[in-house]
Structures are given as C-alpha cells and as structure tokens.
Amino acid sequence: MKSIGFLSFGHWSPQQGSQTHSAADVLLQSIDLAQAAEGIGLDGAYFRVHHFARQLASPFPLLAAVGAKTSRIEIGTGVIDMRYENPLYMVEDAGAADLISGGRLQLGISRGSPEQVIEGWRHFGYSPAEGASDADMGRAHAEVFLDALRGEGFARPNPQPMFPNPPGLLRLEPHSEGLRERIWWGSGSNATAVWAAERGMNLQSSTLKDDETGEPFHVQQAAQIRLYRAAWDRAGHTRRPRVSVSRSIFAITSDEDRMYFGRAGESRDSVGYIDPQTRAIFGRSYAAEPDRLVEQLKADEAITEADTLLLTIPNQLGVAYNTHVLEAILKDVAPAMGWK
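Here's a quick rundown of the structure. Keep in mind that this is a model prediction, so the values were computed, not measured.

### Structural notes on the overall build of the protein chain
Here is step 1 of the chain: Across its full length, the protein chain carries eleven helices and 14 strands.
Here is step 2 of the chain: In terms of C-alpha radius of gyration, the protein chain reaches 20 Å, essentially the compact-globule figure of 20 Å for 340 residues.
Here is step 3 of the chain: Expressed as lengths along the three principal axes of its C-alpha atoms, the size of the protein chain is roughly 70 × 40 × 40 Å.
Here is step 4 of the chain: Taking as baseline every contact in the protein chain between residues at least 6 positions apart, the subset at least 24 positions apart corresponds to 73%.
Here is step 5 of the chain: Entry remark: accessible area of the protein chain is about 15,800 Å², with carbon and sulfur atoms responsible for 52%.
Here is step 6 of the chain: Across the protein chain, the 33 positively charged side chains and the 42 negatively charged ones have centroids separated by 2 Å.

### Re the nonpolar core
Here is step 1 of the chain: The biggest cluster of nonpolar side chains holds 73 residues, and the ones touching the most others in it are I109 and F145.
Here is step 2 of the chain: Discounting chain neighbours no more than four positions away, the residues touching I109 are V79, I80, M82, M90, A142, F145, I183, W184, W185, G186 and M201.
Here is step 3 of the chain: The next biggest cluster of nonpolar side chains, apart from the first, holds seven residues, and it includes I252, F261, A287 and V325.

### Observations regarding the pattern of salt bridges
Here is step 1 of the chain: Overall, the coordinates contain 22 salt bridges when judged by the stated rule.
Here is step 2 of the chain: E295 is the salt-bridge partner of R292, the closest N and O atoms lying 3.1 Å from each other. Of this pair, R292 and E295 both sit in helix α8 (residues 290-298), three residues apart, which is roughly one turn of that helix.
Here is step 3 of the chain: One connected set of salt bridges, linked through shared partners, spans E74, R226, R229, R242, E305 and D307.

### Remarks on helix α3 (residues 87-101)
Here is step 1 of the chain: Along its 15 residues, α3 runs 21 Å from first to last C-alpha, staying within 8% of the 21 Å computed at 1.5 Å per residue.
Here is step 2 of the chain: All buried positions along α3 are accounted for by P87, M90, V91, A94, G95, A97, D98 and S101.
Here is step 3 of the chain: On its buried face, α3 is in contact with α2 (60-69), β3 (74-77), β4 (80-81), β5 (105-110) and α4 (134-149).
Here is step 4 of the chain: For α3, the capping residue at the N-terminal end is N86, with a side-chain oxygen 3.1 Å from the backbone nitrogen of L88.

### Description of the packing of aromatic side chains
Here is step 1 of the chain: Evaluation of the coordinates by the stated rule reveals eight aromatic pairs.
Here is step 2 of the chain: For the pair F52 and F124, a centre-to-centre distance of 6.0 Å together with 75° between the ring planes defines the contact as edge-to-face. Taken together, the residues F52 in the loop between β2 (44-47) and α2 and F124 in the loop between β5 and α4 connect sequence positions 72 residues apart.
Here is step 3 of the chain: For F124, a relative accessible area of 38% corresponds to the partly exposed category.
Here is step 4 of the chain: With 6.0 Å between their ring centres and 45° between their planes, Y228 and W232 make a pair best called tilted. With Y228 and W232 both in helix α6 (residues 217-235) and four residues apart, this pair spans about one turn of that helix. Considered together, Y228 and W232 belong to a single accessibility category, that of buried residues.
Here is step 5 of the chain: An aromatic cluster of three or more residues is present, and its members are F250, Y260, F261 and Y321.

How each quantity is defined
- Residues numbered from 1 in each chain as written.
- Predicted model: local features only at pLDDT ≥ 70, side-chain atom pairs only at ≥ 80, totals over all residues.
- Heavy atoms only, no water.
- Helix = DSSP H or I, 4+ residues; strand = E, 2+ residues; numbered from the N terminus.
- Rg over C-alpha atoms; globule rule 2.2 N^0.38 Å.
- Contact = heavy atoms within 4.5 Å.
- Areas by Shrake-Rupley, 256 points an atom, 1.4 Å probe, with all protein chains shown as cover.
- Lys, Arg positive; Asp, Glu negative; His and termini not counted.
- Charge placed at Lys NZ, Arg CZ, Asp CG, Glu CD.
- Core = buried A, V, L, I, M, F, W, Y, C linked by side-chain atoms within 4.5 Å.
- Buried < 20%, exposed > 50% of the residue type's maximum accessible area, 1.4 Å probe, protein only.
- Salt bridge = Lys/Arg side-chain N within 4 Å of Asp/Glu carboxyl O.
- Expected span 1.5 Å × (residues − 1).
- Polar contact = N/O pair within 3.5 Å; in protein donor to acceptor, adjacent residues only side chain to side chain.
- Phe/Tyr/Trp six-rings, centres within 6.5 Å; stacked < 30°, edge-to-face > 60°.

This is how it looks when you write it as structure tokens:
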C-alpha cells in the first residue's frame, strides 16, 4: 500500500507557455489542484517553500486555504527551511492551519538547501550562534518548534492579565493535539535521517541526497531509509513512523504527454555540488508508457522501502494537465504496483 500525493514547487513566470504568470496564479491554482486531486482519490497535496524566488514561500495561508476547501486529503510541505523560521510563531501558525483542516496537516521541515541569495536567513533576523553553522541553527529552531508543539506550559503568566488565565504556566495557542506526530524531517544525508528518527519525526527523502557511497541514487536512498528505521527502533518510539520519497514520474498516455516528457524517459542519475563542500546525487526522472513505467518503478529500491510517494509536478502547465498527470498514475500505474 502506498499513500500518493503531489509535490508542487509553485513556480511562476510571465514566459510564453506558462499558465502561472504571477504569485496569485500559483496560489489560486494550488488550491484548485488540491481540490481536483482530492476528487480523483489522491492522498496528499504538498508544497515546497523557497524564499527570494518566484515560487511558493510563506506556506501557512495556503495550507489553511486548502484545508478550508477540502475535506479528506492530507496537506503538507516538503519542506519549510527552519533557518528562516521563528519556531514559536510557527507553532501558532501550524496549530491554526491544522485546526482549520481538521487535523490533516503533514508538515515537512528541514535545515534547508542553498537559496537564491547569500545567507538569506540573515535578512529574516537570524544568525547562527558563535561557533555554529546555519545548519546547526536550522536544527536548533526545529528542536524548539518540536518541544513547543507538545502543548506544555512554559511561559510565566502576568499577575494582572488583560483576560483571565488558566492555572499554571501558559502554552502557545491554538494548540492542535496530535500535530507533533505529523512532523517530517527532510533529510539529505544518512546522519540527518538518524537524527530525525531519534527525535521522533517522520522522514522525507527527496530526489537528491549526499553522494555517500557512489552507488545509484535509489540504492543510497533505500539504505538511508533502513538506517532511519533502525534508529527509530533503537530510540524506543511507540508509534510506527512514515517515510516518503519524491519522484518525477509521468505515464505517457497521450501525444501531449509524449511532447512534454518523451525525452525524460532517457534520463539518468546525475552528480553535482549543492555547495562547495557537498557532493550530491540527483535521482532520475521516469517517463514511459504505463507497462514500461511499472517495470522501471519496481526496480527502484527506495520506492519499495517507502510508504508514501510524492509526485513532483510541472505546476506551470496548469491545473487541468496536472490533474491528468496524477490521474494517469492512479489509474494506469498504481494498481499494477499494488499501491491501491
């Protein structure tokens, strides 16, 4: 069984051929696509967060709007860069969005990836402590966020408040029970996957990770998932964690599909540097007729290991076409893979 969702980076540009010319286009079409995805039986609607870019950024207004317009589908992020976040204010935003959706939020967070500007988090008012890196800062923000999500009081009440207080120390409001167990960590390395397991977060593994062994991407990612699950068991958590992987997968069922993605079926893993010190491996895309696509996906070890699959979508091609892309996977691929 696989839970299948879409992951949108929320690009927009005024270029010819794009159906998202503005931020308003992307935001409104994201709501429409989530509704359409729920209608065809998809399990999740996830959105990437990037700053200083013509892409989706501040996630909580969008998540709340999607939550208000849908009734069943999971709503999430993949991922929020914690280097930019005030973790306590984020607890309030996340709690509100989760309550609006009826407890359907699945928040992916991470230390972040290289952004459009140099040390963009400094413009948001954050800087690492002396001797710490920006990655350390992102993880520290995450620890504060996770702790506050538990809903325990920590703030000393004013003896002369504007409104009456409940007894004891005060917590952040609104509190959404159970949200703490629906936080995911976007991990790009084996070590951070283990770190996430130790802290009781679900795991999101994307289409790139640190190239730690030189093996094919899906083999390295499957090993990362197994390390994560072993660390989870050692930590003694009582619930079963969830693990997602992201893939660009297109079932070619029309001439339009072939025009857009016919060449993607020839893609291979690639290696590059996401910063001067980090060699990364980028996973291939999949595009083929459904029968051939099923054969290719069955050979992907990480897809087999994961319980949740996030399909990256070409959001600039519009709601109707992306609904077709998702529906083709659900109808022509998922049953043959035993996912539904």
